[in-house]
Amino acid sequence: MKKYTGFLLLAFLQYFSFGQQFTANYDEAKIPAYSLPDPLIFNNGTAVKSLKDWKIRRAEIYSDFEKEVFGAVPKWNGSLRWVVLSSKDDAIEGIAKRREVRLELSNGIQKNDLTILIYLPQNSKDAPVFLSYNFDGNHTTTTDSDVLIPDSWVSNNKELGILNNHANENGRGKMISRWPVKEIVSHGFGLATVYYGDVDPDFDDGFKNGVHQLFDSGRDSTSWGAVVAWAWGLSRIMDYFEKDQEINANKIIVLGHSRLGKAALWAGASDLRFAMVVSNCSGCGGAALSKRIYGETVGSINHAFPHWFCNNFKKYSLREDLLPVDQHELIALMAPRPVYVASAADDLWADPKGEFLACVYASPVYELLGGKKFPVKEMPMLCAPILGDISYHIRPGKHDITLYDWNCYMDVASQFFKLSH
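The shown structure was predicted, so the numbers you read here are calculated from the model rather than taken from an experiment.

**Focus on the side chain of E104**
Assignment of secondary structure puts E104 in strand β2 (residues 96–106). Classification of E104 as buried rests on a relative accessible area of 14%. In this structure the side chain of E104 is engaged in a polar contact, spanning 2.3 Å, whose partner is the side chain of R81. A polar atom in the side chain of E104 sits 3.1 Å from the side chain of R102. When near neighbours in sequence (up to four residues on either side) are disregarded, E104 contacts S79, L80, R81, V83, N112 and D113.

**With respect to the packing of helix α5 (residues 226–241) against helix α6 (residues 259–270)**
Between two packed helices, what matters for the description is the angle formed by their axes and the separation of those axes. Look at α5 against α6: their axes get within 8 Å of each other, and the N-to-C directions meet at 60°. Put simply, α5 runs oblique to α6. The handedness of the crossing between α5 and α6 is right-handed. Contacts between α5 and α6 involve V227, V228, W230, A231 and L234 on the former and, on the latter, R259, L260, K262, A263, A264, W266 and A267. Among the residues making up the contact of α5 with α6, the classes are represented as ten nonpolar, no polar and two charged.

**A word on the environment of G225**
Counting through the fold element by element, G225 comes out in the loop between β5 (190–195) and α5. For G225, a relative accessible area of 0% translates into the label buried. With sequence-adjacent residues up to four places away left out, G225 is seen in contact with F70, F207, H212, R219, H307, W308 and F309.

**Describing helix α9 (residues 352–368)**
The largest bend in α9 comes to about 35°, at A362, with the proline P364 one to four residues further on. With twelve of 17 residues buried, α9 is to be regarded as a mostly interior element. One or two positions beyond α9, positive phi appears at G370, with a value near 90°.

**As for the layout of surface pockets**
Left-over empty space is what a probe sized like a water molecule reveals as it rolls over the atoms. The space that makes up the largest pocket amounts to roughly 380 Å³. Considered class by class, the residues forming the lining of the largest pocket number six nonpolar, six polar and six charged.

**Notes on the packing of helix α2 (residues 51–70) against α6**
Taken N-terminus to C-terminus, the directions of α2 and α6 make an angle of 140°; their axes are 11 Å apart at the nearest point. One element, α2, and the other, α6, form an angle in the oblique class. Classified by chirality, the crossing of α6 by α2 is left-handed. Facing R58, Y62, F65, E66 and F70 of α2, the residues of α6 in contact are W266, G268, A269 and S270. Each residue belonging to the contact of α2 with α6 can be placed in one class, and the counts come to five nonpolar, two polar and two charged.

**Details of empty space enclosed by the protein**
For the structure shown, the criterion picks out two cavities of 30 Å³ or more. Put simply, the largest cavity is a space of about 120 Å³. What lines the largest cavity is a set of 15 residues, and nearest its centre among them are Y133, N134, F135, R178 and W179. Elements with a contribution of two residues or more to the lining of the largest cavity: β4 (129–134) and β6 (252–257). Here the lining of the largest cavity is composed, by residue class, of eight nonpolar, five polar and two charged. What the second largest cavity holds in volume is close to 40 Å³. Surrounding the second largest cavity, C284, A288, L289, S290, I293, Y294, E296, T297 and D351 form its lining.

**Here we look at the confidence of the model for the protein**
Of all residues in the protein, 95% have pLDDT values of 70 or greater, and the mean over the chain is 94. This model gives residues 1–13 a pLDDT under 50, and the stretch forms nine contacts once residues within four places in sequence are excluded.

**A short note on the side chain of S106**
Relative to the assigned elements, S106 resides in strand β2. Here the side chain of S106 touches Q110 through a polar contact of 3.4 Å, landing on its backbone oxygen. Excluding residues within four positions of it along the chain, S106 makes contact with W76, G78, S79 and K111.

**A look at the pairing of β2**
Among the eleven residues that make up β2, ten are buried, leaving the element largely enclosed by the rest of the structure. In textbook terms, the turn of a hairpin is the stretch between consecutive antiparallel strands, and for β2 and strand β3 (residues 111–121) this stretch comprises four residues, one of which, G108, has a positive phi near 95°.

**Observations regarding the pattern of salt bridges**
Applying the stated criterion to the full structure yields 23 salt bridges. Salt-bridge contacts for R57 lead to E60; the nearest nitrogen and oxygen are separated by 2.7 Å. In this pair, R57 and E60 are both assigned in helix α2, three residues apart and thus about one turn of the helix distant. Between R98 and D144 there is a salt bridge whose closest N-O contact spans 3.0 Å.

**Looking at the packing of aromatic side chains**
Going through the model one piece at a time under the given rule, you end up with 29 aromatic pairs. For the pair W224 and W232, a centre-to-centre distance of 6.1 Å together with 75° between the ring planes defines the contact as edge-to-face. Under the relative-accessibility criterion, W224 is labelled buried at 3%. Look at Y240 and F241: their rings are 5.9 Å apart centre to centre, the planes differ by 50°, and that puts the pair in the tilted class. Here the guanidinium or amino end of R236 rests over the ring plane of W232, the centre of that ring lying 4.9 Å away. Geometry around Y294 places R292 over its ring, the cationic atom sitting 5.2 Å from the centre.

Criteria and cut-off values
- Residues numbered from 1 in each chain as written.
- Predicted model: local features only at pLDDT ≥ 70, side-chain atom pairs only at ≥ 80, totals over all residues.
- Heavy atoms only, no water.
- Helix = DSSP H or I, 4+ residues; strand = E, 2+ residues; numbered from the N terminus.
- Buried < 20%, exposed > 50% of the residue type's maximum accessible area, 1.4 Å probe, protein only.
- Polar contact = N/O pair within 3.5 Å; in protein donor to acceptor, adjacent residues only side chain to side chain.
- Contact = heavy atoms within 4.5 Å.
- Axes fitted to C-alpha atoms, helices over the stretch in contact; angles between N-to-C directions.
- Parallel < 35°, antiparallel > 145°, perpendicular 65-115°, else oblique.
- Left-handed = near helix turned anticlockwise from the far one by under 90°.
- Nonpolar A, V, L, I, M, F, W, Y, C, P; charged D, E, K, R; others polar.
- Bend = angle between axes of the 7 residues up to and from the residue.
- 1 Å grid on protein atoms, 1.4 Å probe; cavity = no way out; pocket = protein on both sides within 12 Å on 5 of 7 lines; lining within 4 Å.
- Points joined across faces, edges and corners; volume = space filled by probe spheres on them.
- pLDDT = per-residue confidence, 0-100.
- Pairing = 2+ DSSP bridges.
- Salt bridge = Lys/Arg side-chain N within 4 Å of Asp/Glu carboxyl O.
- Phe/Tyr/Trp six-rings, centres within 6.5 Å; stacked < 30°, edge-to-face > 60°.
- Lys NZ or Arg CZ within 6 Å of the ring centre and 35° of its normal.

See the structure below:
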């Protein structure tokens, strides 16, 4: 124990000084030489040669991510209830059905509620559904005046009129550019979105709020952080979908942008019920290779957001070369399900090339499982998507999710689910 404590102290001092002097590297020539772990080589050095081997190797990779990066969820013995809060049968100019559903998670003493805003096509009971968190409240994704405003903690945002960590009417519809609901429904898809702070508030609160409070267990170096809490919440929503007769739980596409892209990837790795996984500009700790040390790094993310990952991840601040895993292996954990990774040209902080290379190096796992090989090894041109079992595109612009991104995701999902328009 003393040895481990001393190591953590050293890591803390390194990451503290790192935070004081950090300057991001955006020069490819300054990327250090690095070696990536092979997803098809066991930790003992033997090769993965079969599907049976891969199932064992997959568990090995997952365990390394769980113990060293994201953290482990304690056993859940609680209950899940739900209630329909509102419904509208002629939403979005009559093309959609809209519902708001409150999920109530309880351990018998404490409870945590989250509200799902759901849009489904009028004429389809079998539509694939995109499931994605939003950053500022369900009401910010729509101009519908009767969609509820969250009463949970919300980050202050002057543009949305949030000054006291409480959402209000000023934010209604302000983020609608990220949520092209009419286009999504018109293409035959449903959309379900939840304010991520309903699941876990995004500040370093000592893990006393959100779903963490439902677990009466001590914490250690492998305990779960906020990213895993958000991923766990997505799985509880999936539990509900399996009971909802209007939703086909076999056709759920989990999607996330930025930090919520990290959560979507971990949800896809942890819960095989998700049929497709989408990472939009997820960067460090998401789709971007950590060992490239480009843009945001392990040290900078741990310094800025110490509550996102498990404490063991802090050991690798300024020591990315010692990481036993890298993000191409996280993408490989989705196999053989389709996964889509997307970047933005001006979003250098998220390392677009590192996200692309993760797709390249995840490809051998998909090939082993009978999937299509990722066909290129050089970055594609802007707006020239590579579509397949592993898909990737880079578009012009900043760190955001746009209609272009959504159209690309719907193109792949339409092929996978064999939708006709």
